[in-house]
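Descriptive structure summary
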Amino acid sequence: METISHASNTEQTYFPEAILKEWDNGIRQYSTRRGSTEILISYIPPGLHMDLHAHEEAQLGMVISGELIMQVGEHQRHMKALDSAYIAPPFVPHGAVNPTDQEVIAIDVKRLKDDEVYTAPDDYFLDVYRTRDLLPGMEVTFFVEDWIEIMLADIPGNGGAMPEHKHRNEQLGICIGGGYEMTIEEYTRTMEFGVTYFCEAREKHSAINTSDHHSRSINIFMPPRYNKNKNR
Ligand SMILES: [Fe+2]
Ligand SMILES: [Fe+2]
């Protein structure tokens, strides 16, 4: 009885209002959460060192604008906007430095769910797995690990759309440029920079960009729709 299982859901379930966390070191973080997954959008001041720390949740992230030197375990990478992602599995120490004189904006996802196994590449960093046109004019870039897939997607303006669909994969994401309308089940939200969405398995969703310029989003699928070992 689908109607009963969704009865307690509201717009807040799918598009939660962000909570602002302001840290003593100057970092501002906007947090949204549904169930076992939290999305953090962080504004990191110039020159800031974020000390190594570790926790039981798996964490992954990307730079949205600017550059960061990210450390995970014994490995470091100079990450630039949207060029790679890191994965810190549970209890693997991680930290970062903003080596520039510009504020950096980064996204992190923290997650702890029973029966999920949080694998990572040997050096903890994911490179682009493939790029293709999902629909005409809708270029997408994928990063893939055994338990997760990250898809960067551009939706063209003037009516570019992702038609309504659903799938067994949980899907969540964040708008990082431009704007579009996203619908999950019976709720529609205007997506703009920093707005997040959360979609459980088999919840219907769609998106349309009626503005006159393209929009961009980071979308995360768990489990991944690609098997990186099979398709390699
Ligand atoms: Fe962390
Ligand atoms: Fe989807």
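Just so we're clear, the structure is a prediction, and the values are computed from it rather than from any experiment. (Residues numbered from 1 in each chain as written. Chains lettered and ligands numbered in written order. Predicted model: local features only at pLDDT ≥ 70, side-chain atom pairs only at ≥ 80, totals over all residues. Heavy atoms only, no water.)

**Some remarks on the coordination of the iron ion (ligand 2)**
The cut-off we apply is this: The rule for donors is simple: an N, O or S atom within 2.8 Å of the metal counts, and for Na, K and Ca the reach is 3.2 Å. Water is not among the atoms, so a site may look short of donors. Helix numbers and strand numbers start at the N terminus; a helix is a DSSP run of H or I with at least 4 residues, a strand a run of E with at least 2. Relative accessible area decides the class of each residue, using a 1.4 Å probe on protein chains only: under 20% of the type maximum gives buried, over 50% gives exposed, and in between gives partly exposed.
Taken together, H165 (NE2), H167 (NE2), Q171 (OE1) and H205 (NE2) make up the protein donors of the iron ion (ligand 2), found 2.1 to 2.2 Å from the metal. Counting gaps between the donor residues of the iron ion (ligand 2) yields the pattern H-x1-H-x3-Q-x33-H. With a gap of 38 residues between them, H167 in the loop between β15 (160-165) and β16 (170-177) and H205 in strand β20 (residues 205-209) connect regions that are remote in the sequence. For H167, a relative accessible area of 15% gives the class buried.

**Section: the pattern of salt bridges**
As a reminder, the rule being used: In what follows, salt bridge is the name for a side-chain nitrogen of Lys or Arg lying within 4 Å of a carboxyl oxygen of Asp or Glu.
For the coordinates displayed, the defined rule picks out 13 salt bridges. With a shortest N-O distance of 3.1 Å, R28 and E103 are connected by a salt bridge. One end of the pair, R28, is in strand β2 (residues 28-34); the other, E103, is in the loop between β9 (94-97) and β10 (104-111), with 75 residues separating them in the sequence. With a shortest N-O distance of 3.2 Å, E170 and K113 are connected by a salt bridge. Linking E170 in strand β16 with K113 in the loop between β10 and β11 (125-126), this pair joins segments that are 57 residues apart in sequence. On the basis of relative accessible area, K113 is assigned to the partly exposed category, the value being 35%. A single network of salt bridges, built from pairs that share partners, joins R111, K113, E116 and E170.

**Quick word on the nonpolar core**
Spelled out, the test is: Here the nonpolar core consists of buried residues drawn from Ala, Val, Leu, Ile, Met, Phe, Trp, Tyr and Cys, with membership extended through side-chain atoms lying within 4.5 Å. Either an automatic procedure or a domain database provided the assignment from which the domain bounds are taken. The contact criterion used is simple: two residues touch if any of their non-hydrogen atoms lie within 4.5 Å.
In this structure, L60, M62, W147, I150, I218 and I220 are the most contacted members of the largest nonpolar core, which totals 27 residues. For this core, the elements supplying multiple residues, two or more each, are β3 (37-44), β5 (58-65), β8 (85-88), β10, β14 (148-155), β16 and β21 (215-222). Broken down by element, the residue count for this core peaks at four residues, all from β5. Mapping this core onto the domain boundaries places at least three of its residues in each of domain 1 (15-126) and domain 2 (130-226). Other than its neighbours up to four places away in sequence, M62 contacts M79, L82, S84, A85, Y86, A106, I107, F143, I150, L152 and I218.

**So, the packing of aromatic side chains**
Quick reminder of the rule: Note on aromatic contacts: the rings of Phe and Tyr and the six-membered ring of Trp form a pair at centre separations within 6.5 Å, being stacked when their planes are under 30 degrees apart, edge-to-face when over 60 apart, and tilted otherwise. Counting as a charge over the ring demands two things of the Lys NZ or Arg CZ atom: a distance within 6 Å of the ring centre and an angle within 35 degrees of the ring normal.
Tallied over the full model, the rule gives three aromatic pairs. Aromatic pair Y14 and Y187: ring centres 5.8 Å apart, planes at 35°, arrangement tilted. Taken as a pair, Y14 in helix α2 (residues 11-14) and Y187 in strand β18 (residues 187-191) lie far apart in primary sequence, 173 residues in all. Relative accessible area serves as the criterion here: at 0%, Y14 is assigned to the buried category. Seen from their ring centres, Y30 and Y43 are 5.9 Å apart, and the 80° between their planes marks the pair as edge-to-face. With Y30 in strand β2 and Y43 in strand β3, this pair connects stretches of sequence that are 13 residues apart. Overall, the relative accessible area of 28% leaves Y30 in the partly exposed class. We note R28 situated over the ring of Y43; from NZ or CZ to the ring centre the distance is 4.7 Å. Between R225 and the ring centre of F221, over which it is positioned, the NZ or CZ distance is 3.6 Å.

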